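Listed here are the chains, written in short residue letters.
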2 protein chains.
Amino acid sequence: MLVERFPENPLITPKDVKPSRSDYQVVGAFNAGTAIYNDEIILLLRVAERPVDKKDDEELAPIYNHATGQIDCLRIKLDDPDLEPLDSRVFHYKKKLYLTSISHLRIARSKDGVNFIVDEKPTILPEKDYENFGLEDPRISKIGDTYYICYKVVSDKGVCTGLMTTSDFKSFERKGIIFCPENIDVVMFPEKIDGMFYALTRPVPMLIGPRGVWTASSPDTINWGRHKPLILPREGMFDGGKTGGSCVPIKTEDGWLEIYHGSDENDKYSLAAALLDLKDPSKVIARSKEPLMYPQANYEVKGFYGNVVFSCGAITKDNGEVIIYYGASDELTAAAKTTIDKIMSTLK
Amino acid sequence: MLVERFPENPLITPKDVKPSRSDYQVVGAFNAGTAIYNDEIILLLRVAERPVDKKDDEELAPIYNHATGQIDCLRIKLDDPDLEPLDSRVFHYKKKLYLTSISHLRIARSKDGVNFIVDEKPTILPEKDYENFGLEDPRISKIGDTYYICYKVVSDKGVCTGLMTTSDFKSFERKGIIFCPENIDVVMFPEKIDGMFYALTRPVPMLIGPRGVWTASSPDTINWGRHKPLILPREGMFDGGKTGGSCVPIKTEDGWLEIYHGSDENDKYSLAAALLDLKDPSKVIARSKEPLMYPQANYEVKGFYGNVVFSCGAITKDNGEVIIYYGASDELTAAAKTTIDKIMSTLK
């Protein structure tokens, strides 16, 4: 068996998370970035919320208002001719896309990696005008003593990637937008390579080209260049639809081991691996022929947006054990255990 | 009158340009970057070509083959069920977008700015795998003694922006992809501002957000960050569809004067102006209420892709005169004379 799901799964569900305000409900606690800090495993959860009083005859989009600092709510009756419902996550109104929930980031802590205590309050709420649809899907890379958090910035101006840093998971410093629209699933490598920082990025082009993983490098984590395509979708395979970086690459003797996500033509999201050159991670050495993990458990197949296993972080132990934390069905947080050797065995 | 079209227009047409090979024909000579070098006005033209033997019952796409160094040609019969013709520029085949021509860059030279001699041979041909659909729409910014050329990189991997530099318009050095897909119409400012290089960019997001002008800054022209939205489309106006940077910003006492392009809901492309803060060009001081110039002349209204005036560069004289070189209908090169004062008069 390539991966063993934790028998305690799901580890965190929306009901384990206190809403940020009394008139809101939590609809998702998933896609967490991972870090080890002060001997604890930290999950930086994406917590998706919406107003409790959503009516059955409406779609709604909670939108942060930068001018007032409050969250407003766009409510559209289902019979409005300008409304085009799409799926549980999004709808079109007057040809513009809106989200049915707004996400913030929140810490959950654990000593054993299984039992997590979720902070009572949000850790990072939307604050900038470019975050008015929320903050999502963080990846945490520790470089030196600094934790770099790449997060999905969502606003009416575009979906892109912001950077923030912390050294204590108490104070966080925003560093602005590091990849402009449309670019998501950005994961920084955990050390400099030949004097440069590296990241996996996922451009989302409108007209030409696949939605797949590219690389970029940077002298300072703020400014990025040398963009190159890297792990692109493979037609007809489990990752023939889209690919995106998931976990922070794991350094091995054989190369950087990246656990990435790939979706197929039915938008089923699996996890798989790619091995990248140690000295030049813009070169792929090998890629999984079959997924490492795909939606099988009930909570992965059904839920807010079913048929999704989507990781934003793993914890690697010195003995080669890898715990993959992942979002299931855009709703829950679960975990699965594997090893570097088992992941390597999936590579061509 | 805000602008005066040159009576000699069009200045350059496809028949003025020798094809790069005998079995090809030139279908467009347009969207030229501009520079002054050795007392000559240089236009770095986008030259679009396709095979002469295109049949009436087919669509074709010339594609550079990086492995062989040759241009291959994809030919699709019009009755192929996988073909979806779109417009004169592009078609869909098996749900992927292809271009009906392939572009290279070529120098045209003039002493008087009116009469141009087009080089016999291409200046810059597709050479990299990421250029296999061609090179397009260059903008040239002179900073110090170096000319920085931002050009549209088009390939099956995506549409994005590459950088090359030259100091003599003979040898050119490629600097890689500076903005990843999908990002076009990149224009660098002609000097550093507060120690940083600046550029206008035009993200093309798939899901959320307008197709409008953003800014970015860079310590070194290779790595870019601090992305911010800047000159976005204005609903219901002449630039309500898309906006993009056109000319290299002109430094004035009142701010950076940018001649940008905007399209409306019918994809009619006009030129207009924005004034940006001298010390912080991520701030807009004013914008044209009405276009500076819109398709009126016969060669602007009709042609390969009609209803387009699209500039990639202007020449500013010490007396405040501005010559805007522009592509008309994605086919020809024309010019129009105006002044900084007249452009300023369009600003709110």
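This is a predicted model, so every value here is computed, not measured. What you see as residue numbers is a count from 1 along each chain, following the sequence as written. Chain letters start at A and ligand numbers start at 1, both assigned in the order the entries are written. Selection of residues for local features in this predicted model requires a pLDDT of at least 70, selection of side-chain atom pairs for listing and counting requires 80 or more, and totals for whole chains, interfaces and linings are taken over all residues. Water and hydrogen atoms play no part in the side-chain values, which are based on all heavy atoms of the structure.

*Asks:* Hey, could you run me through the overall build of chain A in this one?
*Replies:* A count of helices and strands for chain A gives two helices and 26 strands. Here chain A has a C-alpha radius of gyration of 19 Å; the compact-globule value for 348 residues is 20 Å, and the two agree. For chain A, the spread of C-alpha atoms along the principal axes amounts to about 55 × 45 × 40 Å. For chain A, with 348 residues in total, the buried portion stands at 61%. Residue contacts are counted whenever heavy atoms from the two residues lie within 4.5 Å of one another. Of the contacts formed within chain A by residues at least 6 apart in sequence, a portion of 50% connects residues at least 24 apart. Accessible area of chain A: about 13800 Å², with a carbon and sulfur share of 46%. Secondary structure follows DSSP: runs of H or I at least 4 residues long count as helices, runs of E at least 2 residues long count as strands, and numbering of each begins at the N terminus. For the radius of gyration, the atom set is restricted to C-alpha positions; the globular benchmark scales as 2.2 Å times the number of residues to the power 0.38. In this scheme, a residue with accessible area under 20% of its type's maximum is buried, one over 50% is exposed, and one in between is partly exposed, where area comes from a 1.4 Å probe on protein chains only. Methods summary: accessible areas were calculated by the Shrake-Rupley approach with a probe of 1.4 Å, and residue burial reflects only the protein chains presented.

*Asks:* Quick question: what am I supposed to make of the sheet that holds strand β6 (residues 83-85) of chain A here?
*Replies:* Whether parallel or antiparallel, the strands of a sheet pair through hydrogen bonds between backbone atoms. Residues and elements named next belong to chain A. In space, the three strands of this open sheet follow the order β6-β7-β8, with antiparallel pairing throughout. The open sheet is flanked by β6 and β8 (96-99), the only strands paired with a single partner. Averaged over all neighbouring strand pairs, the angle between strand axes comes to 30 degrees, with direction disregarded. A strand pair is defined by DSSP finding two or more bridges across the two strands. To define axes, lines are fitted to C-alpha atoms, for helices over the stretch in contact only, and angles between the resulting N-to-C directions are given on a 0 to 180 degree scale.

*Asks:* Quick question: what am I supposed to make of the interface of chain A and chain B here?
*Replies:* Interfaces are often sized by the amount of accessible area the parts lose when they come together. Taken together, the contact pairs 41 residues of chain A with 41 residues of chain B. Together chain A and chain B conceal approximately 3100 Å² of surface at their shared face, both sides included; 64% is due to carbon and sulfur atoms. If you sort the residues of chain A by the area they bury against chain B, Lys 157, Met 206 and Ile 208 of chain A come out on top, with a joint share of 22%. Throughout this description, the term salt bridge denotes a Lys or Arg side-chain nitrogen within 4 Å of a carboxyl oxygen of Asp or Glu. The interface formed by chain A and chain B contains two salt bridges. A salt bridge links Lys 96 of chain A to Glu 235 of chain B; its shortest N-O distance comes to 4.0 Å. For this analysis, a polar contact is any N or O atom pair within 3.5 Å, provided that within protein one partner can donate a hydrogen and the other can accept it, and provided that sequence-adjacent residues contribute only side-chain to side-chain pairs. Inspection of the region where chain A meets chain B yields 12 residue pairs in polar contact (both at pLDDT 80 or more). When contributions to the side of chain A that touches chain B are tallied by element, the ones reaching two or more residues are β8, β12 (146-155), β13 (158-166), β14 (173-179), β17 (213-218) and β18 (225-231) of chain A. The element that contributes the greatest number of residues to the side of chain A that touches chain B is β18 of chain A, accounting for four residues. Put simply, Ala, Val, Leu, Ile, Met, Phe, Trp, Tyr, Cys and Pro go in the nonpolar bin, Asp, Glu, Lys and Arg in the charged bin, and everything else, Gly too, in the polar bin. A per-class count over the side of chain A that touches chain B returns 24 nonpolar, nine polar and eight charged. A 1.4 Å probe defines the accessible area here, and the buried area is the portion of it lost by two parts on being joined, summed over both.

*Asks:* What is the right way to read the packing of aromatic side chains from this model?
*Replies:* To pair, rings of Phe, Tyr and Trp, with the six-membered ring standing in for Trp, must have centres within 6.5 Å; the planes then decide the type, stacked if under 30 degrees apart, edge-to-face if over 60, and tilted in the middle. According to the stated counting rule, one finds 24 aromatic pairs over all chains in the structure shown. Measuring from ring centre to ring centre gives 5.4 Å for Phe 179 of chain A and Trp 224 of chain A, while their planes differ by 45 degrees; the resulting arrangement is tilted. Pair noted here: Phe 179 of chain A is in strand β14 and Trp 224 of chain A is in the loop between β17 and β18, with a separation of 45 residues, a long-range link. For Phe 179 of chain A, a relative accessible area of 3% translates into the label buried. Judged by relative accessible area, Trp 224 of chain A falls into the buried class, the value being 1%. Seen from their ring centres, Phe 116 of chain B and Tyr 325 of chain B are 5.7 Å apart, and the 90 degrees between their planes marks the pair as edge-to-face.

*Asks:* I would appreciate a short explanation of the relation of the copies chain A and chain B in the present structure.
*Replies:* Note on the chain copies: they are related by a rotation about an axis and a translation along it. With an RMSD of 0.0 Å, the fit of chain A onto chain B corresponds to turning through 180 degrees and sliding 0.0 Å along the axis. Each copy turns onto its partner about a two-fold axis. The overlap is high: 100% of the interface residues of chain A also sit at the interface in chain B, so the same surface is used on both sides. Only residues with pLDDT of at least 70 in both copies contribute their C-alpha atoms to the least-squares superposition of the copies.

*Asks:* Where do I start with the sheet that holds strand β24 (residues 309-316) of chain B in this structure?
*Replies:* Residues and elements named next belong to chain B. Ordered by their spatial adjacency, four strands build an open sheet running β1-β26-β25-β24, and the pairing between neighbours is antiparallel. The open sheet has two free edges, formed respectively by β1 (4-5) and β24, since each of these has just one partner strand. Pairing of β1 with strand β26 (residues 332-339), which is carried by two bridges, proceeds in the antiparallel orientation. By the bridge assignment, Glu 4 is partnered in β26 with Lys 337.

*Asks:* I keep staring at the environment of Asp 39 of chain A and nothing clicks. Help me out?
*Replies:* Relative to the helices and strands, Asp 39 of chain A resides in the loop between β2 (24-37) and β3 (40-51). Between the C-alpha atoms of Asp 39 of chain A and Phe 169 of chain A, which are 130 residues apart in sequence, the distance is 13 Å.

*Asks:* Explain the environment of Trp 214 of chain B here, please?
*Replies:* Residue and element names in this part refer to chain B. Locating Trp 214 in the fold gives a position in strand β17 (residues 213-218). A residue is classified by how much of its surface remains accessible, and Trp 214, at 2% relative accessible area, is buried. On a C-alpha basis, the gap between Trp 214 and Leu 232 in space is 8.0 Å, while along the polypeptide they are 18 residues apart.

*Asks:* Please explain the pairing of strand β15 (residues 183-188) of chain B as it appears in this structure.
*Replies:* A regular strand places its side chains on the two faces of the sheet in alternate fashion. All names here are of chain B. Where burial is concerned, most of β15 is hidden: six out of the six residues are buried. Relative to strand β16 (residues 197-203), β15 runs antiparallel, the two being bridged by four bridges. Looking at β16, one finds that Val 187 is bridged to Leu 200.

*Asks:* Would you mind showing me how to read the pattern of salt bridges here?
*Replies:* Between side chains of opposite charge, pairing is possible as soon as their charged atoms come close. All names here are of chain A. Applying the stated criterion across every chain yields a total of 49 salt bridges over all chains. For Arg 287, the salt bridge is made with Asp 239, and the minimal N-O distance between the two is 2.8 Å. Remark: Asp 239 occurs in the loop between β18 and β19 (242-245) and Arg 287 occurs in strand β23 (residues 284-287); sequence separation between them is 48 residues. In terms of burial, Arg 287 and Asp 239 fall into one category: buried.

*Asks:* Whenever I open this one, the environment of Ala 286 of chain B confuses me. Can you help?
*Replies:* Residues and elements named next belong to chain B. The topology assignment puts Ala 286 in strand β23 (residues 284-287). For the pair Ala 286 and Ala 273, spaced 13 residues apart in sequence, the C-alpha separation works out to 8.4 Å. Ignoring sequence-local partners within four residues, the contact set of Ala 286 consists of Ala 273, Ala 274, Leu 275, Leu 347 and Lys 348.

*Asks:* What is the right way to read unusual backbone geometry from this model?
*Replies:* Across the chain, the bulk of peptide bonds are trans and the bulk of non-glycine residues have phi less than zero. Between Asn 9 of chain A and Pro 10 of chain A the backbone carries a cis peptide bond, its omega angle lying at -10 degrees. Relative to the assigned elements, Pro 10 of chain A resides in the loop between β1 (4-5) and β2. The phi dihedral of Asn 31 of chain A is positive, around 45 degrees, even though this residue is not glycine. Following the sequence through the fold, Asn 31 of chain A ends up in strand β2. With a phi close to 65 degrees, Asp 39 of chain B is a non-glycine residue in the positive phi region. For Asp 39 of chain B, a relative accessible area of 68% puts it in the exposed group.

*Asks:* Help me understand the side chain of Glu 58 of chain B in this model?
*Replies:* Residues and elements named next belong to chain B. Relative to the helices and strands, Glu 58 resides in strand β4 (residues 58-65). A residue is classified by how much of its surface remains accessible, and Glu 58, at 4% relative accessible area, is buried. At a separation of 2.9 Å, a polar atom in the side chain of Glu 58 contacts the main-chain amide nitrogen of Lys 55. Beyond its immediate sequence surroundings of up to four residues, Glu 58 is in contact with Asp 53, Arg 75, Ile 76, Lys 77 and Leu 78.

*Asks:* Can you help me understand the pairing of β17 of chain A in this one?
*Replies:* All names here are of chain A. For β17, the tally of buried residues reaches six of six residues, placing the bulk of the element in the interior. Residues of β17 alternate between two faces, with Val 213, Thr 215 and Ser 217 on one and Trp 214, Ala 216 and Ser 218 on the opposite face, all of them buried. Summarising the sheet, strand β16 (residues 197-203) and β17 pair through five bridges and their orientation is antiparallel. Paired with Phe 197 across the two strands is Ser 218, which belongs to β17. Pairing between β17 and β18: four bridges, direction antiparallel. Counted as the bridge partner of Trp 214 is Pro 229 from β18. Hairpin connection of β17 to β18: six residues between the antiparallel strands, including Thr 221 at a positive phi of 75 degrees.

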